[in-house]
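Report on the structure
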Amino acid sequence: CITMDVLDWLPQIEFLVLGLVFLHLLYKACAEWQAQTGTTSATSKTVVADAVDITTEVEARLAKASEALNIMDLRFETLPAVQGLEKVQKLALQMHVAEVNLAALVKMTQLEELTIAGACLTKHNLNLIASLPRLRYLDLRMCRTIVQHDNTVEGFLKAEDVYNFQATRQLDTLLLPTHASFEIGQIMKVFSKAEVVVVGLEHSLRLGDMVQFQRINKDFTKSNNHRWTSRPTTVDSIRTDDHTQLTTATPSPKLTIHDVDNQVAFKATELGAKGDMVLWAGHAAIKPIRLNKSRASTD
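**Points about the overall build of the chain**
Within the chain one finds four helices and 18 strands. Taken across its 299 residues, the chain has 40% of its residues classed as buried. The long-range share in the chain, meaning contacts at least 24 apart out of those at least 6 apart in sequence, stands at 62%.

If you want it as structure tokens, here you go:
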């Protein structure tokens, strides 16, 4: 009789056990989410405070180190426009939402290095960054800087926007997330022994530009990846067909990539293949080289 009673209760016991397992998994998922967002994790150093507390904290940090300000751990909707910002030369901050107001950046007339992490950068905030007169170094590697190339979210950056920003500002260093790349040409020839590629350009290429090669794989017997991307190359020499060395190669819009006058050669870290896309992926400071001739473009 006792055995029959236990058997009658088995479905309820199983349901109770499954419910406890579900609650345990739900608790773990919530804990992981909270740890990632930094809302209630015991180990998180994120400061969640009102505008007055944030302003006070920024002022206190500026009092300790007026030239370098690190506010990665602070959550704020508006960058505090406090006294002393005009002396800051290095700034590191995290945007927890894309709509963070960075208008106070315009006060940082001495800012030379800027690191931004977190949410996608808007065109408005990039324009604020472009107004910084002494900025030479911009690190956006931890920032979801760019919407994907096929995304049309209005107001957010595409890789072409950052490419045009660099063309105007010409920073010494501009570091981007891995997906933030802009197609500027195509590989026309590969010289394996010399580790040199000849590329046909549709957009300008400058010394110090970082490029990658990419192709769509059609033969999955050789690779499991649909899209192959090379390791990045920092371009430290640009040569034309007649061996003229350039600092900037600007293609003629009247010619195609197949015209030799729109083609340049450079040494690559990892060689691609003929037909691969050439992707601009940022800019790095390089040692200046001595050019045989001075020429601004491939025209």
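There's plenty left to go through after this.
**Observations concerning the pairing of strand 4 (residues 90–95)**
Pairing analysis gives four bridges linking strand 2 (residues 68–71) to strand 4, with the strands arranged parallel. Of the residues in strand 4, the one forming a bridge with N70 is A92. In the sheet, strand 4 pairs with strand 5 (residues 113–118) via six bridges, with the strands oriented parallel. Opposite Q94, over in strand 5, you have A117 as the bridge partner.

**A look at the pattern of salt bridges**
What the rule picks out here adds up to eight salt bridges. A salt bridge links R134 to E112; the shortest N-O distance between them is 3.1 Å. Here R134, found in the loop between helix 3 (123–130) and strand 6 (137–139), pairs with E112, found in the loop between strand 4 and strand 5; they are 22 residues apart in sequence, far enough to count as distant. Residues R141 and D139 are paired through a salt bridge, measuring 2.8 Å at the closest nitrogen-oxygen approach.

**Quick notes on the packing of aromatic side chains**
Counting across every chain of the model gives three aromatic pairs. Measuring from centroid to centroid gives 5.3 Å for Y163 and W280, while their planes differ by 85 degrees, and the two rings are edge-to-face. Pair noted here: Y163 is in helix 4 (residues 159–169) and W280 is in strand 18 (residues 277–283), with a separation of 117 residues, a long-range link. The exposure classification of Y163 matches that of W280, with both residues buried. With 6.4 Å between their ring centres and 25 degrees between their planes, F213 and F266 make a pair best called stacked. Taken together, the residues F213 in strand 11 (residues 209–216) and F266 in strand 17 (residues 263–267) connect sequence positions 53 residues apart. You'll find F213 and F266 in the same group, each marked buried.

**Quick look at helix 3**
Residues of helix 3 that are buried: N125, L126, L128 and I129. Seen from one end, helix 3 has its buried residues packed into an arc of 155 degrees, which puts them on one side. In helix 3, the exposed positions angled more than 90 degrees off the buried face are occupied by H124 and N127. Among the structural elements, strand 4, strand 5, strand 6 and helix 4 are those in contact with the buried residues of helix 3.

**Brief notes about the pairing of strand 18**
Taken across its seven residues, strand 18 has six buried, putting it largely inside the fold. In this structure, strand 8 (residues 182–191) lies alongside strand 18, joined through four bridges in antiparallel fashion. By the bridge assignment for strand 18, F182 is matched with W280. The pairing of strand 11 with strand 18 spans five bridges and is antiparallel.

**Some words on the confidence of the model for the chain**
In regions of low pLDDT, the predicted coordinates are not meant to be interpreted in detail. Here the chain averages 83 in pLDDT, while 78% of its residues score no lower than 70. Note that pLDDT drops below 50 for residues 36–48; the model gives that stretch 16 contacts with residues more than four away or on any other chain. Of the regions scoring below 50 in pLDDT, residues 293–299 engages in 25 contacts with residues more than four places distant in sequence or in other chains.

Calculation notes
Residues numbered from 1 in each chain as written. Predicted model: local features only at pLDDT ≥ 70, side-chain atom pairs only at ≥ 80, totals over all residues. Heavy atoms only, no water. Helix = DSSP H or I, 4+ residues; strand = E, 2+ residues; numbered from the N terminus. Buried < 20%, exposed > 50% of the residue type's maximum accessible area, 1.4 Å probe, protein only. Contact = heavy atoms within 4.5 Å. Pairing = 2+ DSSP bridges. Salt bridge = Lys/Arg side-chain N within 4 Å of Asp/Glu carboxyl O. Phe/Tyr/Trp six-rings, centres within 6.5 Å; stacked < 30°, edge-to-face > 60°. Arc of directions from axis to C-beta. pLDDT = per-residue confidence, 0-100.

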